[in-house]
Amino acid sequence: MSTHSKPYSGLKASLLTQHGKESIICPQLFDSNDLEVIHVSDYDTDKLGSFTRDIPRYGSQLDAARKKARVGMELSGLKLGIASEGAFDNDPYTGMFPWNYELVLLIDDIRNLEIIGFFGGQAQSASQLVSSWDELTALLSEAQFTTHQLVIRPDDEYHPECRKGIKDLESLKEAFEWATKLSKKGNVFVENDLRAHTNPTRMANILKATQDLSRKMNSLCPECEAPCFWVTERKKGLPCASCDAPSNLPLANIWSCVKCNYKKEEVIANQAKADPSKCNYCNP
Ligand SMILES: [Zn+2]
Ligand SMILES: [Zn+2]
């Protein structure tokens, strides 16, 4: 499928980030892709949106990453730019658990393409409205405090003022008293800080998204050698184990090139035939 050459070997890319993401993104792309990632930090990325609702998000997750990557490329004068952007939602399976989608983007102005690394996994994002210190301390193990930090604000989740990056009991107590004094009814909203450097669960998800990006960067189109030759669709039709008719289960992966539109079909290896319960004929 792909050769083992590294198309980004010896090149430099900017990474605009303020939240410690460089500590995982830079070594990963250097080890796997021989790409030197230059950390650019003289820009307040919180201007482009933050998780604590004080600044609105910049468009979609991808738009926000594009904007950050472009700013980093401008500040560094480099033709390659990397940026990362996270999003939080409920899990896609049951909708009951907090979920974290991480996107790590490479904009390549040398080859005129974009490569997107992506990963979705469990989030550490507990939150609760509390009215006493006891209620607050009861939440601490679910919030994985102190390995994961906290944000506190008066009244509810929309109060404009907050204390971020709370990482020990002493500053928690102090922030709780501050928020209680400012609140109208004595309620305080507590939640996990979702910035990468304060939330190791999120940092691990960013690493997985970076590894996805790494693999795509090294996967070359057999026709034109552009990077990011990758699976873009699944073809249905795995034969039924009982009658051999095509089912709706995936039979093959379709690999596509972003540059020349070359496509290649690859039958998924070592799959058992479809269970007859999934067959349109045996179980209509
Ligand atoms: Zn191609
Ligand atoms: Zn069947």
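Residues numbered from 1 in each chain as written. Chains lettered and ligands numbered in written order. Predicted model: local features only at pLDDT ≥ 70, side-chain atom pairs only at ≥ 80, totals over all residues. Heavy atoms only, no water.

*Asks:* Which residues make up the pairing of strand 9 (residues 188–192), and what values go with them?
*Replies:* Most of strand 9 is tucked away: five of the five residues are buried. Along strand 9, one buried face is formed by V188, V190 and N192 and the opposite face, lined by F189 and E191, is buried too. Note that strand 6 (residues 127–130) and strand 9 share four bridges and pair antiparallel. Of the residues in strand 9, the one forming a bridge with Q128 is V190. Here five bridges tie strand 7 (residues 150–154) to strand 9, and the two strands are oriented antiparallel to one another. In the strand pairing of strand 9, P154 is matched with V188. (Buried < 20%, exposed > 50% of the residue type's maximum accessible area, 1.4 Å probe, protein only. Helix = DSSP H or I, 4+ residues; strand = E, 2+ residues; numbered from the N terminus. Pairing = 2+ DSSP bridges.)

*Asks:* I'd like a rundown of the coordination of the zinc ion (ligand 2), residues and numbers included.
*Replies:* All of the protein donors around the zinc ion (ligand 2) are C240 (SG), C243 (SG), C279 (SG) and C282 (SG); their distances to the metal are 2.3 to 2.4 Å. Coordination at the zinc ion (ligand 2) comes from four donor atoms whose angles at the metal span 103 to 113°, giving a geometry best classed as tetrahedral. A relative accessible area of 36% places C282 in the partly exposed class. (Donors = N, O, S within 2.8 Å, 3.2 Å for Na, K, Ca; no water. Tetrahedral: all angles 85-135°; square planar, octahedral: opposite > 155°, others 65-115°.)

*Asks:* Got a sec to walk through the pairing of strand 1 (residues 12–16)? Specific residues and values, please.
*Replies:* Extensive coverage of strand 1 is indicated by the burial of four of its five residues. Examined bridge by bridge, strand 1 and strand 2 (residues 36–40) share five bridges and lie parallel to one another. Counted as the bridge partner of A13 is V37 from strand 2. You can see the chain leave strand 1, run along helix 1 (residues 22–33) and come back into strand 2, and the turn it takes is right-handed. The sheet contact formed by strand 1 and strand 3 (residues 80–90) spans two bridges and is parallel. In the sheet register, L15 faces strand 3, and the bridge partner there is I82. (Right-handed = clockwise from strand over helix to strand, strands pointing away.)

*Asks:* Give a detailed account of the sheet that holds strand 11 (residues 250–256), specifying residues and quantitative values.
*Replies:* Read from one edge to the other, the open sheet built from three strands follows the order 10-11-12, with strand pairing classed as antiparallel. The open sheet has two edge strands, strand 10 (230–236) and strand 12 (263–267), and neither has a second partner. Sheet twist, expressed as the mean angle between neighbouring strand axes with direction ignored, is 30°. Taken together, the five bridges between strand 11 and strand 12 define a ladder with antiparallel strand orientation. Looking across to strand 12, one finds that N253 is bridged to E266. (Axes fitted to C-alpha atoms, helices over the stretch in contact; angles between N-to-C directions.)

*Asks:* Go over the coordination of the zinc ion (ligand 1) with me, naming the residues and quoting the values.
*Replies:* Within the protein, the atoms that donate to the zinc ion (ligand 1) are C221 (SG), C224 (SG), C257 (SG) and C260 (SG), at distances of 2.3 Å. Taken together, the four donor atoms coordinating the zinc ion (ligand 1) span angles of 105 to 113° at the metal, a pattern that classifies the geometry as tetrahedral. Counting the intervening residues between successive donors of the zinc ion (ligand 1) yields the motif C-x2-C-x32-C-x2-C. In this pair, C221 sits in the loop between helix 5 (200–217) and strand 10 while C260 sits in the loop between strand 11 and strand 12, placing the two residues 39 residues apart along the sequence. Residue C221 is classed as buried on the basis of its relative accessible area, which comes to 1%.

*Asks:* Now, about helix 5: what can you tell me, with residues and values included?
*Replies:* It helps to recall that an α-helix has 3.6 residues per turn; residues three or four apart then point in one direction. Spanning 18 residues, helix 5 covers 25 Å between terminal C-alpha atoms, matching the ideal 26 Å at 1.5 Å per step. Within helix 5 the residues assigned to the buried category are R202, M203, N205, I206, A209, T210, D212, L213, S214, K216 and M217. Considering only its buried residues, helix 5 is in contact with helix 1, strand 3, strand 4 (98–108), strand 5 (113–122) and strand 10. (Expected span 1.5 Å × (residues − 1). Contact = heavy atoms within 4.5 Å.)

What is shown is where atoms sit, not what they do.
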